[in-house]
Amino acid sequence: MILPAIAAGFGVAVIVVAANPFIVRAQDAAPEASAQSAPQPAAGPPPDPAAELTAKRDQTRAELETLSKTISLSSDKVSELQQSIADLEKSTQSIRQALIDSAARRKGLEKQILESEKKLADLGVKQDGIRRSLHERRGLLAEVLAALQRMGRNPPPALLVTPDDALASVRSAILLGAVVPGIRKETDKLAADLASLAALQTASAAAKADLTATMTNGIEEERRMDLLLAENDKLSRSNAADLTAEKKRSEELAGKATSLEGLVASMESEIASVRDAAAAARQAEENRKLMTDEQRAQAKALADSGVPDKNRIAPAYPFGELKAKLEVPVAGDILRQFGDADGTGHEAMGMTVATNPETVVTAPADGLVVFAGAFRSYGQMIILDTGDGYHLVLSGMDTINTRQGKFVFSGEPLAVMGAKRVASATALALETDRPTLYIEFRKDGKPVDSRPWWTAKDTGKARNDS
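Bear in mind the structure is a predicted one, so any value in this text is a computation, not a measurement.

A word on the overall build of the chain. Looking only at helices and strands, one finds 12 helices and 11 strands in the chain. For the chain, with 466 residues in total, the buried portion stands at 42%. Taken as a whole, the chain presents about 24,000 Å² of accessible surface, with 56% of it coming from carbon and sulfur.

In structure tokens form, the structure reads like this:
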């Protein structure tokens, strides 16, 4: 008796019929026969699963962006964060390590959010599929439910009462024997669909609750990083005037440079902080080459232990030895790899990763910041000198939180992505409006494939997720 009520909840109409259900034409009692004879709306082309999933991900992402705007930290939590920063030792080393730890936590949370987005989108597609199936079968389901309703209101008479009743029972039994299997089949399928839909809705509610908690933790970590960056900025204000002058000079050089090679060369020769830091790093590399085998083994063991020198001014490891050890600097989906078509008839010289808004960008490896600022069609860009003749180029960010001439450690936060994709030469022909980070590795001035350097979990095939 509850099936008609369930059907009404899903927009399926129940047909009201004559009082005696068993003195009707066969098609009135047999749902399968009626469904075949009744005119059905023309079926449209089946949905493209990939396009459907992409659309659902876009919808889920938009809903989550709206949700994120409603999440805020309590005054007690803000005070707790401020106190934790105040309790830190006010030294460059402690603040830098705190920033690296915060960036690692934030990237982990951002990866969780991306995975949750995919899970919610997948659950949404499955729910839509069941609802679409119920909608397409609404005529058949209505007749099944009507038949069940008639059978419940007018059960067949007992066989051993009167001869007339016995004759009616035989006729009913013959008719029921023809239609009940079909009714049972459709009823079981309907019950299974409704159970699956309820389970999917429960799973979606649980996933949304987990995601809300993750997003709250992400906002907390973002606030902590902002406070740490402010403290880090205070520690470097002693030479603020020199930094301002160098920034102005670097902008002039960037405006004159016509290529990345020319930009790097002008920075290393014209900007004092970059020139001095590069010279110190080269000297450190030379000193490392002069080490004995025993000294080199000791230094490698120390670096491998995860506690390299916190005052180092040169990479802890030769860059050529870091293959399969680097993490992609941002949490996101790889859209384009080195060598793929770039949409302009050429091959891509780097990798493009689509991210969520305001995602943190970290240093993939130790390196000297040769340039940090806007450069031609690249937009906001950072160039790291990682030694051994390698330079790493990152572009597409919205806000840069480092400066040229600074030596950064692997995992240190460098920048933050914007809310939308920044128009640039490296993001042409991308079918997405998500923020995109462009990553290019260069060896002796020539682009090289970065894939050998990423850890196994970050070397997935390029996907056109939009």
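Turning to the packing of aromatic side chains, a few remarks are in order. What the rule picks out here adds up to nine aromatic pairs. With a centroid separation of 5.7 Å and an interplanar angle of 65°, the aromatic rings of Phe441 and Trp453 are classed as edge-to-face. A residue pair is termed long-range when its members are at least 10 positions apart, and Phe441 in strand β10 (residues 436-443) and Trp453 in the segment after β11 (446-448) qualify at 12 residues. On the basis of relative accessibility, which here comes to 4%, the residue Trp453 falls in the buried class. Following the ring pairs from residue to residue traces out a cluster consisting of Phe319, Tyr390, Phe441, Trp453 and Trp454. Here the basic side chain of Arg96 rests over the ring of Phe409, its NZ or CZ set 4.1 Å away from the ring centre. Taking NZ or CZ as reference, Lys323 lies 5.0 Å from the ring centre of Trp453, over its face.

This part covers the pairing of strand β9 (residues 413-416). Sheet topology note: the strand β3 (residues 360-362)/β9 ladder contains three bridges and is antiparallel. In the sheet register, Thr362 faces β9, and the bridge partner there is Pro413. By the bridge criterion, two bridges tie strand β7 (residues 399-400) to β9 in an arrangement that is antiparallel. Paired with Thr399 across the strands is Val416, a residue of β9.

Structurally, Thr362 is set in strand β3. A polar contact is formed between the side chain of Thr362 and the side chain of Lys107, at a distance of 3.1 Å.

Spatial ordering of the open sheet is given by β3-β9-β7, a layout of three strands whose pairing is antiparallel. Pairing within the sheet leaves two strands with one partner each, and these edge strands are β3 and β7. Where helix α6 (residues 92-136) meets the sheet, its contacts fall on β3 and β9, and the angle it forms with β3 comes to roughly 125°.

The full count for this structure, using the stated rule, is 16 salt bridges. A salt bridge links Arg451 to Asp449; the shortest N-O distance between them is 3.1 Å. Linked through salt bridges whose partners overlap, the residues forming this network are Arg105, Glu220, Glu221 and Arg224.

Before going further, it helps to spend a moment on the side chain of Lys406. Along the chain, the position of Lys406 falls in the loop between β7 and β8 (407-408). With a relative accessible area of 15%, Lys406 lands in the buried category. Of the polar contacts made by the side chain of Lys406, one reaches the side chain of Glu412; its length is 3.3 Å. When neighbours within four sequence positions are excluded, Lys406 is seen to be in contact with Arg96, Asn232, Gly367, Leu368, Val369 and Glu412.

With that settled, consider unusual backbone geometry. Phi is positive for Ala324, which is not a glycine, with a value near 70°. Here Ala324 lies in the loop between α12 (293-304) and β1 (333-336). According to the relative accessible area criterion, Ala324 is partly exposed, its value standing at 48%. Positive phi values are uncommon outside glycine, yet Asp388 reaches one of about 60°. Looking at the element boundaries, Asp388 is found in the loop between β5 (379-387) and β6 (390-397).

What counts, and where the lines are drawn
- Residues numbered from 1 in each chain as written.
- Predicted model: local features only at pLDDT ≥ 70, side-chain atom pairs only at ≥ 80, totals over all residues.
- Heavy atoms only, no water.
- Helix = DSSP H or I, 4+ residues; strand = E, 2+ residues; numbered from the N terminus.
- Buried < 20%, exposed > 50% of the residue type's maximum accessible area, 1.4 Å probe, protein only.
- Areas by Shrake-Rupley, 256 points an atom, 1.4 Å probe, with all protein chains shown as cover.
- Phe/Tyr/Trp six-rings, centres within 6.5 Å; stacked < 30°, edge-to-face > 60°.
- Lys NZ or Arg CZ within 6 Å of the ring centre and 35° of its normal.
- Pairing = 2+ DSSP bridges.
- Polar contact = N/O pair within 3.5 Å; in protein donor to acceptor, adjacent residues only side chain to side chain.
- Contact = heavy atoms within 4.5 Å.
- Axes fitted to C-alpha atoms, helices over the stretch in contact; angles between N-to-C directions.
- Salt bridge = Lys/Arg side-chain N within 4 Å of Asp/Glu carboxyl O.

Honestly, that's just the spatial picture; any functional story needs more than this.
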